[in-house]
Amino acid sequence: MAQDFSTTDLIDKLHLFCEQLCGKDMFVYQAQFSRRIIRAVLENDSETLTALMARQSGKSFTVSCTISGLIVLLPIMANMPMFADDKRFKMFKNGVMVGIFAPTKSQSQIIFENIKDCVTCPSAIEILNNEEFNITFGTFNGDKITLEFENFGGKSTVTCKSATEGSNIEGGSYHIMICDEAQDISNFKFKKSIFPTVSFYNGTKILIGTPNINKNFFYDTIQLNKKRWENKELRYKSHYEYNCDVIVKNNPLYAKTLEAARMVMGENSEEYLMSYKLKWMFQYGMFIDADKFTEEPIALKRIDREHICYDTQCVVGIDVGKAQDSTVVTVGIPDYSNPIIMEQATEAGVPDYVLYDVRILDWLEIVGDNYEEQYYKIMDFLGNFTVKCIVIDGTGVGSPVADRLAANLKCPVIPFVFTVPSKSALMKYFDAYLKAQCFHYPASPNTSETIEYKKFVEQFLELQKDYQNNNLVVHHPKERNKHDDYPFSAALMVWGLKIDTGAPELVTENDFFKHNTASVHFRNRMSRLRRRW
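Note that the structure is predicted; figures quoted are calculated from it, not measured. (Residues numbered from 1 in each chain as written. Predicted model: local features only at pLDDT ≥ 70, side-chain atom pairs only at ≥ 80, totals over all residues. Heavy atoms only, no water.)

Some remarks on the environment of Tyr-441
Positionally, Tyr-441 belongs in strand S15 (residues 439-442). A residue is classified by how much of its surface remains accessible, and Tyr-441, at 0% relative accessible area, is buried. When the C-alpha atoms of Tyr-441 and Gly-23 are compared, they prove to be 59 Å apart, with 418 residues separating the residues in sequence. Ignoring any residue separated from it by four or fewer positions in sequence, one finds Tyr-441 in contact with Phe-293, Thr-294, Ile-298, Ala-299, Leu-300, Ile-360, Tyr-453, Phe-456 and Val-457. (Helix = DSSP H or I, 4+ residues; strand = E, 2+ residues; numbered from the N terminus. Buried < 20%, exposed > 50% of the residue type's maximum accessible area, 1.4 Å probe, protein only. Contact = heavy atoms within 4.5 Å.)

Here you go:
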């Protein structure tokens, strides 16, 4: 009877069948992940399985061989009288539905084509043609495979789809969902379109890939699986990781490939470390070191937001929102009493390179593009502080806002025109503050519950960086609903320290907005005309 078979017994039998169907034996590390997939499917355990495997180590074959065996044998077992009431097989009586996703269609077809090879190899054909199986092929093209069970009328299907931003993948429901090269699939596409495809069946979710220079849901899920395993919250591991050292122990031939990779890439190159050693190289793609940014001394976990400050002069950064972005005002308080000399000048008359500790006091976020309304909200907010200077995004729609603030405030209002070179200079200077740990923000329990704090931290931790020529380009992930308003507002605030200390002029391609004596006199003359605007 079915109750005589433990899940472990069934896993042994199913795994053996997978190997027999494909006519190949798995290495030990492959068998470990394969067996975990089978357990997740049988127990319907809701876990998202993740695996990092070195390049060309057989991760696609592992998944392909396992899925091939399951789409054949699970419906057969589900229709056996002895398993008729077994909840482990009940949902597979009419077949198994599998969806394969990858950053491009050609990448999703790798596992898909491997499955086609598995179910059409000589050993598989012999099994499928056996009268106890009696399985024929229905749809069999570049997008979809259908196995038809003639003995009871069921169908198993495997579909491959692209997970590019513009692809339409809504509508399918699967028992098993596979994301190959998951490190290159966007968060939005996975969470909005792919993850829900297994919701109806509480299906098994399998994410495989290799490390990258940027974080996404794949990295986050791996870290979650590791943490839950370490905290003994899981009965069975949900993350499996096999770098090149593990592969070589199982497959001596792999050592030759590894040696060639060392020679071509270099043993310490980021390509080699990511592809073979499974190291995430965020320093090449992420602007922020998350471990340092979320801990002391940058994150001040005993300090609350301060909504009022009159006794000390503050610096302000304003990033003016465009289109779907928000306008964010960041107010900080610098400590001029303890300058940090980063580099001493070697020439007479040249100032030392000095940084100052600066702590964020408060934020204001304004959603929408009603700049008339924004102006009054900003003025009301700044009325709670003694402001020494303001650096504001002076690009496009930010220009009139900057002019109006300059006309109605007594403190200097410095427009900063965003160009590729100017933003590079801005973020390099801001990066110096981060690396020197001179930048601080309130992170008390009370503060950490606020929406402004959560957006601030989230946007910072998602910041990515690239280089165009010699320019540092910092930006939010190129996905829907991602923003960088809080980071650039904070960077503009920090730039205010540079301006205030008499450092070099703002970097901009628009001479009108350069912070020099002529432009200050010009704005002062124009102020009288703008008072009523």
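On we go from here.
Observations concerning the pattern of salt bridges
Summed over all chains, the structure comprises 23 salt bridges. For Arg-55, the salt bridge goes to Glu-181, with nearest N and O atoms at 2.9 Å. On the criterion of sequence distance, the pair formed by Arg-55 in the loop between strand S1 (48-53) and helix H3 (59-78) and Glu-181 in the loop between strand S6 (176-179) and helix H6 (187-194) is long-range, its members being 126 residues apart. Here Arg-305 ties to Asp-362 by a salt bridge, and the two come within 2.6 Å at their closest N and O atoms. Within this pair, whereas Arg-305 is found in the loop between strand S9 (299-300) and strand S10 (309-319), its partner Asp-362 is found in strand S12 (residues 353-367), the two being separated by 57 residues in sequence. On the basis of relative accessible area, Arg-305 is assigned to the buried category, the value being 14%. A relative accessible area of 3% means that Asp-362 is categorised as buried. If you follow the salt bridges from partner to partner, you end up with Arg-39, Glu-43 and Arg-235 in one network. (Salt bridge = Lys/Arg side-chain N within 4 Å of Asp/Glu carboxyl O.)

Brief notes about the pairing of strand S2 (residues 97-102)
The buried fraction of S2 amounts to five of the six residues, a majority that puts the element mostly inside the structure. Note that S2 and strand S5 (residues 154-162) share six bridges and pair parallel. Looking at the pairing, Phe-101 lines up with Lys-161 of S5. Sheet topology places S2 next to S6; four bridges connect them, and they run parallel. (Pairing = 2+ DSSP bridges.)

Looking at helix H16 (residues 451-462)
The terminal C-alpha atoms of H16, which comprises twelve residues, lie 16 Å apart, in line with the 16 Å expected from a rise of 1.5 Å per residue. What H16 keeps buried is the set Tyr-453, Phe-456, Val-457, Gln-459, Phe-460 and Glu-462. (Expected span 1.5 Å × (residues − 1).)

Re helix H14 (residues 420-435)
For H14, with 16 residues, the first-to-last C-alpha span of 22 Å sits near the 22 Å given by 1.5 Å per residue. Taken as a whole, H14 has its buried residues at Ser-422, Ser-424, Leu-426, Met-427, Tyr-429, Phe-430, Asp-431, Ala-432, Tyr-433 and Leu-434. The first or second residue beyond H14 is Gln-437, which carries a positive phi of 55°.

Details of the sheet that holds strand S3 (residues 135-140)
Spatial ordering of the open sheet is given by S3-S4-S5-S2-S6-S7-S1-S8, a layout of eight strands whose pairing is mixed. Looking at strand neighbours, the two that pair on one side only are S3 and strand S8 (239-242), the edges of this open sheet. Adjacent strand axes in the sheet meet at a mean angle of 15°, parallel and antiparallel pairs treated alike. Summarising the sheet, strand S4 (residues 144-149) and S5 pair through six bridges and their orientation is antiparallel. Note on S5: the bridge partner recorded for Ile-145 is Val-158. Across the face of the sheet, helix H4 (residues 105-120) comes into contact with S2, S3, S4, S5, S6 and strand S7 (204-209) while running at roughly 150° to S5. (Axes fitted to C-alpha atoms, helices over the stretch in contact; angles between N-to-C directions.)

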